[in-house]
Amino acid sequence: MRLGAIEAGGTKFICGIGNENGEILERVTIPTSTPNETFQKVVDFFQEKQMDALGIGSFGPVDLNRESSTYGWITSTPKKYWNNVDIVGEMKSYFNVPIGFDTDVNAAALGELEWGSAKGLDSCIYMTVGTGIGVGAITEGRVVHGLLHPEMGHILVQRHAEDPFKGSCPFHGDCLEGMAAGPAIEERWGEKGVSLAGKSQVWELEAFYLAQALVNYILVLSPKRLILGGGVMKQEQIFPILKENVIRLLNGYIQHENILEKIDEYIVPPGLGDHAGLCGGLALAKKVRSCF
Ligand code: ADP
Ligand code: ZN
């Protein structure tokens, strides 16, 4: 089976061709400019590629409700030019194949469940900490959608007593994304995360916020695995502090060995590494293909 995949991001679109084993055979990166220009390059890549299905994991918010007249659209995004853009419709007009569509992070969660760190399980959380914080969730084998789709990167967190930073989320100020995404780190400390690698207080504060989020996800959804990716998580020193904070905050309330004894296998990086997003697109394509 030849499957097409698109990881549609605010800064770049990654397009690829792969197969039902999650193997990527070919890929290309296209900068996100205007929809017309970007779509033209996407179409150029897929034209004459002979695919059996296409999966699109997109930045959002997106409309995932198949009954809705705006199904398959990127809807109320603050990103310039991309408000109310019919991404699925556009691809449908060029490619006569089944198209799977979901948020970028739900797609990544699905890819990780199929081939990555959550392989063999029926639930997981996938969180990316990058330009924003996005979280996808699968529970009992189903991707969580709901009213719209969860936006778990924008949950409220308790501020650290010694953190005066006002927060960078344009909607909520000091929500999780506003306190802990890449731009918040840069604004708070005056340098990009990558050049702050040696400053332990940066990563202690980062772990302080991320741990609150994970604890909330554990309490609400009881996922069998938590997978953390994105540029900021390249700072691997966050992981051990994060795990300590999760254990401290739960304070023995969730009596499960995965938390109490095996947390290193419970909170993990993506098994698919930097391909988690694109493999997510493949997983969506595989899923939609198997429905036809
Ligand atoms: P995006 O979220 O746009 O898909 P990334 O996941 O690469 O892309 O996230 C970009 C953000 O992550 C930026 O704010 C950047 O400063 C930060 N970042 C990227 N690489 C690193 C790194 N190695 N260490 C710390 N922060 C990083
Ligand atoms: Zn927010």
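## Some words on the coordination of the zinc ion (ligand 2)
- Bound to the zinc ion (ligand 2) on the protein side are His-154 (ND1), Cys-169 (SG), His-172 (ND1) and Cys-175 (SG), at distances that span 2.1 to 2.3 Å.
- Geometry at the zinc ion (ligand 2) is tetrahedral, judged from its 4 donor atoms and the angles of 102 to 120° they form at the metal.
- If you list the donors of the zinc ion (ligand 2) from N- to C-terminus, the spacing comes out as H-x14-C-x2-H-x2-C. Remark: Cys-169 occurs in the loop between β10 (142-143) and α4 (176-180) and His-154 occurs in the loop between β10 and α4; sequence separation between them is 15 residues.

## Some thoughts on the sheet that holds strand β3 (residues 24-31)
- The 5 strands are arranged β3-β2-β1-β4-β7 in an open sheet whose pairing can be described as mixed. Among the strands making up the open sheet, the edge pair consists of β3 and β7 (99-103). On average, each strand axis in the sheet is tilted by 15° relative to the strand beside it, whichever way the strands run.
- In the packing of helix α1 (residues 35-46) onto the sheet, contacts are made with β1 (3-8), β2 (12-18), β3 and β4 (53-58), and the angle to β2 comes to roughly 15°.
- Its contacts with the sheet put helix α10 (residues 276-290) on β1, β2, β3, β4 and β7, and the angle it makes with β1 is roughly 130°.

## Considering the packing of aromatic side chains
- Tallying each qualifying case throughout the model produces 9 aromatic pairs.
- Judged by centre distance (5.6 Å) and plane angle (75°), the rings of Phe-39 and Trp-82 are edge-to-face. A residue pair is termed long-range when its members are at least 10 positions apart, and Phe-39 in helix α1 and Trp-82 in the loop between β5 (73-74) and β6 (85-86) qualify at 43 residues.
- Judged by its relative accessible area of 0%, Trp-82 falls in the buried class.
- Their ring planes at 65° and their centres at 5.9 Å tell us that Phe-59 and Trp-82 sit as a pair that is edge-to-face. Residue Phe-59 is located in the loop between β4 and β5, and its partner Trp-82 is located in the loop between β5 and β6; the two are separated by 23 residues in the primary sequence.
- Its relative accessible area of 9% is what places Phe-59 among the buried residues.
- Through a chain of ring-to-ring contacts, three or more aromatic side chains come together here, namely Phe-13, Phe-39, Phe-59 and Trp-82.
- A cation over a ring is seen here: Lys-49 above Phe-45, with NZ or CZ 4.5 Å from the ring centre.

Parameters at a glance
Residues numbered from 1 in each chain as written. Chains lettered and ligands numbered in written order. Predicted model: local features only at pLDDT ≥ 70, side-chain atom pairs only at ≥ 80, totals over all residues. Heavy atoms only, no water. Donors = N, O, S within 2.8 Å, 3.2 Å for Na, K, Ca; no water. Tetrahedral: all angles 85-135°; square planar, octahedral: opposite > 155°, others 65-115°. Helix = DSSP H or I, 4+ residues; strand = E, 2+ residues; numbered from the N terminus. Pairing = 2+ DSSP bridges. Axes fitted to C-alpha atoms, helices over the stretch in contact; angles between N-to-C directions. Contact = heavy atoms within 4.5 Å. Phe/Tyr/Trp six-rings, centres within 6.5 Å; stacked < 30°, edge-to-face > 60°. Buried < 20%, exposed > 50% of the residue type's maximum accessible area, 1.4 Å probe, protein only. Lys NZ or Arg CZ within 6 Å of the ring centre and 35° of its normal.

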